[in-house]
Amino acid sequence: MAHRTPPLGQAQAQTSATPSPATLRSRTSATTTQRTTSTSTTRPNGARGPVSASQKTATKERTPSIRLAKLLLWVFLVHVGAIYLFTRGFLLSRSVLDSKSECDNTNMDESIFTDDRLAVSKCWYPQQYKKAVVIVIDALRFDFVVPHHDLPDYEREPYYLNKLPVIHRLLEEQSDNTLVYQFVADPPTTTLQRLKALTTGTLPTIIDAGSNFASSALKEDNWLAQFESLRGQDRILFMGDDTWTGLFPSVLNTNNSHAFPSLDTHDLDTLDNGVIKALGPALEDPSKWDLLIAHFLGVDHCGHTYGPNDPHMAVKLEQMNDQLEKVLKSVSDDTLVLIMGDHGMNGHGDHGGDSDDEVEAGMVIYSKRKFLDASVLDQFSLGDMLRYTKPVGGNVYRTVQQIDLVPSLSLLLGLPIPFNNLGSVIPELFLSAKDPKSAIRDLLRATRLNAAQVATYFESYIELHPTSDIAMAVEMEFGELFTRAETFMRELGQDPRAKTEDLAKALKLYSEYLRTSLSSCKRIWAHFDVPLMAAGGGILLASCVCLLLHITIYRTVGMPPSLERFLAGGTLLGIALARHLKPLLLTIETVQESSLGLVDIMIFSMSTFSIAGFLMCLVLNAKSFAKKESWNVFRMIRWPPLSGFLACLFIFVNCLIFASNSYIVHESTFIIGFLQTFGVIGLLFSLRVPDKAARIKAVILVLSFMAMTRVLSASTVCREEQGDLCSPTFYASAQQSVPSQWSLVMLVASGAITPYLIRLLLSGSKSMTGIALLWVDYGLRIGIILGTLYAVLDFEGSKTDGTRAATTGNNANAFEPLLGGMSAGGKYLWIKTTLVRIAFGFALLIGPAAWWANPLCMDIQTVDEPVITADGNRKSAGSSSTAPATQRKIIILGYANAFGASYYMTLTMMFLFVILTQKPLGAIVLSVGLAQISCLVELVDIWRDADFAVWQQGVIARIQAETQESVENTDGIAAAASIQAAAQAEQAKAPTLNLLLPTVVLSLMGNLFFFATGHQATLSSIQWPSAFIGVPTVNYLFSPILVIVNTLGPFILCAMALPLVVLWKMPPKANKLGMLVLFPELTRLCLMMMMHQSLVLVANMFFTGGMFRRHLMVWKVFAPRFMLQASTLLMMDLVLVTVTVLVVLSRVIREVSTVLSIRVV
């Protein structure tokens, strides 16, 4: 164990005739008493003196930090392999068939339909419209579209309601020509996946959401490619979101498209203005196109930036209303107009999940031809084919699935239905005949073509996957429905006198088949690869066992050469045998249907054999372990017994959270309970501290820790599932995504207080010197000020941009043009961008460079003090003695916290970087979080000192009793020397603090900070605007990094703070051999955090992929939480390997070792 010291901060010269109990511990500061000036002194400013023999030996050996980094790197790579395998099995992409539908092959006998009016057709169904105009208003939520006249007089009308009066007039004046639908999307509700569904008619998978920002060419059959194939590329005109051109590069190119970048959510106008500029000439000359697609993005960007209930939203919707009015006035009789949203948005303007507000978009279909009233279906008992909404704005509307547009639009334009489509035709669009019987017959023909296409798709799918869940569903659930429908149609034959009731019966059978097949596919969703999931989970669980064995039994520093050889040998063996393992694995029946590839087998074999190598190394060294008495697993919970039990209880309950979707939804409440429980137990620990001053300090720290936990719990962003049990406080309101004004005021206050508190913390150990003085007083303070200025300017600019008249009226001041110009695309945007870039420079360049040049928070002072004679008087200069009257003392300030203070500086640099990516309240939360981390490490130091003191008193009492007779026969000095010698012999038995509890608490604090910074385990809670902090437009290098740091920054801070549990106030006091034993505790500390996070992920995998993979909430609750936990584990592993150990820890220890001529092992 590394020696502990009392909390003092500087070196003093001390001589004493009678030793005190404190002599059993190292002193808090270094002391050197000189009567002559030293000829060579090693100083913290970088000057070097003679190198000791121990240092020369250390340079020849592999440093402990490198050995530790190698061990952590191996664990990280095993985790990557395990997560990759499980993800391949759990989040599989949907199986895509490459087949294409063809005009001359409908896969059915159409001779039944002999009606001359529809018999002549170049393709599947006679073309009903020559032209089509598709207007996509991104994130057009359903309630944005329909009129609302039922608002109470006392309630202010939200900014997003009743802003599209052109649609309201259509419903009133041309109701026979207008159809309004609630357009229900399938999650994930991201634009790329919605466009895929709207053009192919297929169901997306949740893993596709990650590719929303890097769209690749769509290879599936789709109606846009069919249109281009039949009519030619020059008959298509596109303008808007460049996601379309990424999906359809061969159909939409520079000759027929006007694409604009789409990812800058702060820019509300550039793309929309470009679309408007191109749309006007296109409407004036419709002879140049048959298909016009315009995709507006301003409404979506407004939601992301400000939320739906903001003046900006009213401005954008009114702009859309003007454009829709122009489109509707300009179209001809043979043109079909479709106005739709690809998805909705939640109360904060975000999307990606499956809440009602996110999946319920609006769609309006308009034609100058009249549609037959859908009530005709009720005449033939076909009303159950239609679905209706709950009352919205006092009215009820039809609801359809988004994929239903695909077969409907394809047939109306005379195209074949895309091969992979699962949607159903919208009945109202095919009821255009004047008499009911003909209308039913037309709808039956379209529905039968639709059903035949879906049946053909399933036949092809089953050929490729004969034992899949889809094949079983076709056989057991809905395949018979299509057979019955076809049999009934053949019985009708070609009888033109077939009763309408019979046609209606056939129509009902086909409709039921389509509806049931879609429902089954949504339930099955995708094929789960159980062998791959089991392989990933098993490897991760085995890695947890290895970590536990290393912590409790192996107990070496990092990766010793023997273990390294076994791991390397196992990995190479796995690579060599991977190709030969595949035939062997395929003999197992459960593996035969797996999509197991050579890469999967190689990863599995490498991980498995390297873990086997670890266990083999453990077995071969069992005898040496037994001699060291290391086989006692309960060594991990030696101090105090309650702390180890509490840590294990926290881990166990944390794992059980994944046993219920309700527990996951309310996970933040559990985290708060864990930390408050720790606070209560910590209070009991503090009350047993023997020293009164330390006891009072510990109690204050514990109470502060609990108070900060309660403060952080007040910052919330609510999930839809939490309902009334949660009140959001993170944003200005539940319907906005902008910060509140009070959060900006608090941000200014926290920016002033945080550097002061850090200074106060470091001053306690006399460490406010060296790099700390420069960084805390200048670098950190300037960075926080610049970040605060950026947040204030961003907030004020968002208030004035585009809505000055609505928000300020005649009260505009001279600064508003300047502030408004700082919004996206403004001419003064460079001002706030430059401010935050300078702040980033302090966090990532200036601060780290200064720290690397001189990382220590230490300083040396020399003081001349008078010599005290034996009689207690000062020696005068005129004394007859030849000895000098004064003696020189060298005082090393910051010696007591040489490791911790230097390491803490890098933590504050990372803290500055992370808060710059956060919303204002998020920055405040992390400031409180940094204070809470500081409280924790101070508490650990006090408790460890207290435990040492209790043990020390017991040792001294026992030794004094044993040497009582010797004391009586000798003088006091000899007795004291005897006691000291005996006590030093007991030093090796000094207790070590259980590190598991503070490690688990630090991990849980990462979860608390995550929730308090406005995040949840949902896709829609990702704060995408952070991608544009410091960059005026999306940057594919920095923008993803900013989003990752914004999301996982709390976990990064907690992982980086982990070594402080050991290093804080750990003085560099070497033993007689010139060594300081530090790395065994650091190794156990890092492995404990990895083990905790790994166990949580194992539990997540077990419940999510094992028990609940068919659960109703698997994609809404369980899968997003799995993705968060996997990302958290990998990020914390990566931070521990690279930043924590390889860079910061190694630099701190190397510098302290060089300056003080000690060897850290």
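Please read all numbers here as calculations on a predicted model, not as lab measurements.

(A) Region of interest: the overall build of the protein. Counting secondary structure elements, the protein contains 38 helices and 13 strands. Burial status across the protein gives 59% buried among its 1161 residues. Within the protein, contacts between residues at least 6 apart in sequence are counted, and of these 78% link residues at least 24 apart. Looking at the protein as shown, the accessible area adds up to about 46,300 Å², and 59% of this sits on carbon and sulfur atoms.

(B) Representation of empty space enclosed by the protein within the structure. A full pass over the atoms with the stated rule returns 11 cavities of 30 Å³ or more. Considering only enclosed or pocket space, the largest cavity measures out at about 640 Å³ in volume. As for the largest cavity, its lining consists of 42 residues, of which Tyr-790, Ala-791, Asp-794, Gln-918 and Ile-1029 are closest to the centre. At the level of elements, helix H10 (298-306), helix H25 (741-763), helix H26 (771-800), helix H29 (829-853), helix H30 (898-916) and helix H31 (920-962) are the ones that each hand at least two residues to the lining of the largest cavity. Here the element with the most residues in the lining of the largest cavity is H26; it accounts for 10 residues. When its residues are assigned to classes, the lining of the largest cavity shows 19 nonpolar, 19 polar and four charged.

(C) Highlighting the nonpolar core. One finds Trp-74, Phe-90, Leu-762, Phe-899, Tyr-904, Met-905 and Met-1005 to be the most contacted residues of the largest nonpolar core, which totals 204 residues. The greatest single-element share of this core, amounting to 22 residues, is contributed by helix H38 (residues 1114-1156). In contact with Tyr-904, other than residues within four places in its own chain, are Ile-758, Leu-761, Leu-762, Leu-930, Ser-934, Leu-1060 and Trp-1064. Ranked by size, the runner-up nonpolar core spans 93 residues in total, among them Leu-218, Met-363, Leu-449 and Tyr-461.

(D) Here's a closer look at the state of the cysteines. By the definition in use, this model includes two disulfides. Through a disulfide, Cys-103 is tied to Cys-123; the S-S separation comes to 2.0 Å. In this structure, the disulfide formed by Cys-103 and Cys-123 twists by about -95 degrees around the S-S bond and is classed as left-handed. With Cys-103 in the loop between helix H2 (64-90) and helix H3 (116-119) and Cys-123 in the loop between H3 and strand E2 (131-137), this pair connects stretches of sequence that are 20 residues apart.

(E) Spotlight on the pattern of salt bridges. Scanning the model with the defined rule gives 25 salt bridges in all. With a shortest N-O distance of 3.9 Å, Glu-486 and Arg-490 are connected by a salt bridge. Taken as a pair, Glu-486 and Arg-490 lie in helix H15 (residues 469-492) at a separation of four residues, close to a single helical turn. Between Glu-1081 and Arg-944 there is a salt bridge, and its shortest N-O distance comes to 3.8 Å. Of this pair, Glu-1081 sits in helix H37 (residues 1079-1107) while Arg-944 sits in helix H31, and the two are 137 residues apart along the sequence. The exposure class of Glu-1081 is buried, given its relative accessible area of 8%.

(F) Focus on helix H19 (residues 598-620). Here H19 spans 32 Å end to end across 23 residues, near enough to the 33 Å set by a 1.5 Å rise per residue. Taken together, the buried positions of H19 are Asp-600, Ile-601, Ser-605, Ser-607, Ser-610, Ile-611, Gly-613, Phe-614, Cys-617 and Leu-618.

(G) Spatial organisation of the packing of aromatic side chains. Counted under the stated rule, the structure contains 30 aromatic pairs. Seen in terms of ring centroids, Trp-74 and Phe-614 are 6.0 Å apart; in terms of plane orientation they differ by 10 degrees. Their pairing is stacked. Linking Trp-74 in helix H2 with Phe-614 in helix H19, this pair joins segments that are 540 residues apart in sequence. Across the pair, exposure class does not vary: Trp-74 and Phe-614 are buried alike. We note Lys-131 situated over the ring of Trp-289; from NZ or CZ to the ring centre the distance is 5.1 Å.

(H) Summary view of the environment of Val-331. Within the secondary structure, Val-331 is located in the loop between helix H11 (311-330) and strand E7 (335-340). Judged by its relative accessible area of 8%, Val-331 is buried. Between the alpha carbons of Val-331 and Ser-367 there is a distance of 8.6 Å; along the sequence they are 36 residues apart. Once residues lying within four places of it in the same chain are set aside, the contact partners of Val-331 are Val-133, Val-337, Tyr-366 and Lys-368.

(I) Molecular detail of the confidence of the model for the protein. In this model, the protein carries an average pLDDT of 81, and 80% of its residues clear a pLDDT of 70 or more. Taken together, the stretch residues 633-640 has pLDDT below 50 and engages in 22 contacts with residues farther than four places along the chain or on a different chain. In the predicted structure, residues 987-992 sits below a pLDDT of 50 and forms 14 contacts with residues beyond four places in sequence or in another chain.

(J) Layout of the layout of surface pockets. Taken as a whole, the second largest pocket holds about 1,100 Å³ of empty space. Lining the second largest pocket are 40 residues, with Val-184, Asp-186, Gln-401, Leu-518 and Lys-522 positioned closest to its centre. Of all the elements in the fold, those that place two or more residues in the lining of the second largest pocket are strand E3 (178-184), helix H12 (356-359), strand E9 (398-401), helix H16 (500-524) and H38. In terms of residue count, the dominant contributor to the lining of the second largest pocket is H16 (eight residues). Among the residues forming the lining of the second largest pocket, the class breakdown is 18 nonpolar, eight polar and 14 charged.

(K) Examining unusual backbone geometry more closely. Look at Asn-162: it is not a glycine, yet its phi comes out positive at around 60 degrees. Relative to the assigned elements, Asn-162 resides in the loop between helix H4 (142-145) and helix H5 (165-173). You can call Asn-162 buried: its relative accessible area is 19%.

(L) Looking closely at the side chain of Ser-262. On the secondary structure map, Ser-262 appears in the loop between strand E5 (257-260) and helix H9 (270-284). Residue class for Ser-262 comes out buried when judged on its relative accessible area of 10%. A polar contact is formed between the side chain of Ser-262 and the side chain of Asp-242, at a distance of 3.0 Å. For Ser-262, the contacting residues outside a window of four places in its chain are Asp-241, Asp-242, Thr-243, Leu-271, Leu-297 and His-301.

(M) Layout of the sheet that holds E7. Spatial strand order, E5-E4-E6-E2-E7-E8-E3-E9: eight strands in an open sheet with mixed pairing. A strand with exactly one partner marks an edge of an open sheet, and here the two such strands are E5 and E9. Sheet twist, expressed as the average angle between the axes of neighbouring strands with direction ignored, equals 20 degrees. Pairing of strand E4 (residues 236-241) with E5 involves four bridges; the strand directions are parallel.

(N) Examining H37 more closely. Over its 29 residues, H37 extends 41 Å from the first C-alpha to the last, a length consistent with the 42 Å expected when each residue adds 1.5 Å. With 24 of its 29 residues buried, H37 lies for the most part within the structure.

(O) Geometry of the packing of H2 against H19. Packing of H2 against H19 leaves a shortest axis separation of 10 Å and a crossing angle of 140 degrees. As the angle between them shows, H2 and H19 are arranged oblique. In terms of crossing hand, the pair formed by H2 and H19 is left-handed. On H19, the residues touching Trp-74, Val-78, Gly-81, Tyr-84, Leu-85 and Arg-88 of H2 are Val-599, Asp-600, Ile-603, Phe-604, Ser-610, Ile-611 and Phe-614.

Procedures and definitions
Residues numbered from 1 in each chain as written. Predicted model: local features only at pLDDT ≥ 70, side-chain atom pairs only at ≥ 80, totals over all residues. Heavy atoms only, no water. Helix = DSSP H or I, 4+ residues; strand = E, 2+ residues; numbered from the N terminus. Buried < 20%, exposed > 50% of the residue type's maximum accessible area, 1.4 Å probe, protein only. Contact = heavy atoms within 4.5 Å. Areas by Shrake-Rupley, 256 points an atom, 1.4 Å probe, with all protein chains shown as cover. 1 Å grid on protein atoms, 1.4 Å probe; cavity = no way out; pocket = protein on both sides within 12 Å on 5 of 7 lines; lining within 4 Å. Points joined across faces, edges and corners; volume = space filled by probe spheres on them. Nonpolar A, V, L, I, M, F, W, Y, C, P; charged D, E, K, R; others polar. Core = buried A, V, L, I, M, F, W, Y, C linked by side-chain atoms within 4.5 Å. Disulfide = S-S within 2.5 Å. Salt bridge = Lys/Arg side-chain N within 4 Å of Asp/Glu carboxyl O. Expected span 1.5 Å × (residues − 1). Phe/Tyr/Trp six-rings, centres within 6.5 Å; stacked < 30°, edge-to-face > 60°. Lys NZ or Arg CZ within 6 Å of the ring centre and 35° of its normal. pLDDT = per-residue confidence, 0-100. Polar contact = N/O pair within 3.5 Å; in protein donor to acceptor, adjacent residues only side chain to side chain. Pairing = 2+ DSSP bridges. Axes fitted to C-alpha atoms, helices over the stretch in contact; angles between N-to-C directions. Parallel < 35°, antiparallel > 145°, perpendicular 65-115°, else oblique. Left-handed = near helix turned anticlockwise from the far one by under 90°.

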